[in-house]
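# Survey of secondary and tertiary structure
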Amino acid sequence: LDDPTLRFAGHIAFYPYCAVHYRGKAVTSAPLLMLLGGADNMISPEACRHQADWLGTRTSVRVVTFPGANHEFDRSIGIRFDSRMVGVRDCEAEYDVDAVTVRMWWNGALVAPAAWLARCRYHGARFGGDPAALRGAIAEVDRFLAQVFH
């Protein structure tokens, strides 16, 4: 995989972790589809939209949010709360992969990654299947793949 001519044709992100916005020259320029649960309290749909805004300056990005859907909405399990789940919400940061720096999103202050995580992580989230969101996600993935591999 050390061939610089190889690249991803596209990316599909199911409920991605977006609290850290990756920045840098090598960050992808392939099309991206983000599938988010509107009620996801494990990750932040708003943070994913912020990341998508920046990526949209480099490539095509489609963000689809399924109202009322939780984290792992594509699973066939019922909705439940798991106190062991660890997430970061409402605490965004930019990680410059070229400069290897982390800056807080809201004030631009440089921080150590460990300090950011210690301040921002929490335990506990709801997750579980949502049949309507799953059907919608399948349709979105089908459309995306048809566009990427036309």
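What this report covers is the structure whose coordinates are included nearby. Because the structure is a prediction, the values reported are computed rather than measured.

### Observations regarding the overall build of the chain
Looking only at helices and strands, the chain features three helices and nine strands. Listed by position from the N terminus, the elements making up the chain come as β-β-β-α-β-β-β-β-β-α-β-α. At 16 Å, the chain has a C-alpha radius of gyration in line with the 15 Å of a compact globule built from 150 residues. Dimensions of the chain, computed from C-alpha atoms along their principal axes, come out at roughly 45 × 40 × 25 Å. The buried share among the 150 residues of the chain stands at 40%. The long-range fraction of contacts in the chain, counting pairs at least 24 apart against all pairs at least 6 apart in sequence, stands at 74%. Of the accessible surface of the chain, which amounts to about 8,600 Å², a share of 56% is contributed by carbon and sulfur atoms. Distance between charge centres in the chain, computed from 16 positive and 16 negative side chains, equals 3 Å.

### Details of the sheet that holds strand β3 (residues 32–37)
The parallel open sheet is built from three strands, whose spatial order is β1-β3-β4. On the outer flanks of this sheet lie β1 (11–14) and β4 (61–66), each paired with one strand and no other. For this sheet the average axis-to-axis angle between neighbouring strands, irrespective of direction, equals 10 degrees. Strand contacts of helix α3 (residues 131–148): β1, β3 and β4, with the helix running at about 175 degrees to β3, the strand carrying the most contacts.

### A word on the side chain of Glu 140
As for its placement among the helices and strands, Glu 140 is situated in helix α3. Not counting residues within four places of it along the chain, the set of residues in contact with Glu 140 comprises Leu 33, Leu 35, Arg 62 and Val 64.

### Some thoughts on the environment of Val 86
With respect to the element layout, Val 86 can be found in strand β5 (residues 80–88). In sequence terms Val 86 and His 123 are 37 residues apart; their C-alpha atoms lie 4.6 Å from each other. Not counting the four nearest positions on each side in its chain, Val 86 is found in contact with Met 42, Arg 121, Tyr 122 and His 123.

### Some words on the pattern of salt bridges
Considering all chains together, one arrives at five salt bridges under this definition. For Glu 72, the salt bridge is made with Arg 75, and the minimal N-O distance between the two is 2.7 Å. Look at Arg 75 and you get partly exposed, because its relative accessible area is 36%. Note that Arg 84 is salt-bridged to Asp 82, the shortest N-O span being 3.0 Å. The exposed category is assigned to Arg 84, whose relative accessible area is 68%. On the basis of relative accessible area, Asp 82 is assigned to the buried category, the value being 13%. Here the salt bridges do not stand alone but share partners, grouping Arg 62, Glu 140 and Arg 143 into one network.

Rules of the game
Residues numbered from 1 in each chain as written. Predicted model: local features only at pLDDT ≥ 70, side-chain atom pairs only at ≥ 80, totals over all residues. Heavy atoms only, no water. Helix = DSSP H or I, 4+ residues; strand = E, 2+ residues; numbered from the N terminus. Rg over C-alpha atoms; globule rule 2.2 N^0.38 Å. Buried < 20%, exposed > 50% of the residue type's maximum accessible area, 1.4 Å probe, protein only. Contact = heavy atoms within 4.5 Å. Areas by Shrake-Rupley, 256 points an atom, 1.4 Å probe, with all protein chains shown as cover. Lys, Arg positive; Asp, Glu negative; His and termini not counted. Charge placed at Lys NZ, Arg CZ, Asp CG, Glu CD. Pairing = 2+ DSSP bridges. Axes fitted to C-alpha atoms, helices over the stretch in contact; angles between N-to-C directions. Salt bridge = Lys/Arg side-chain N within 4 Å of Asp/Glu carboxyl O.

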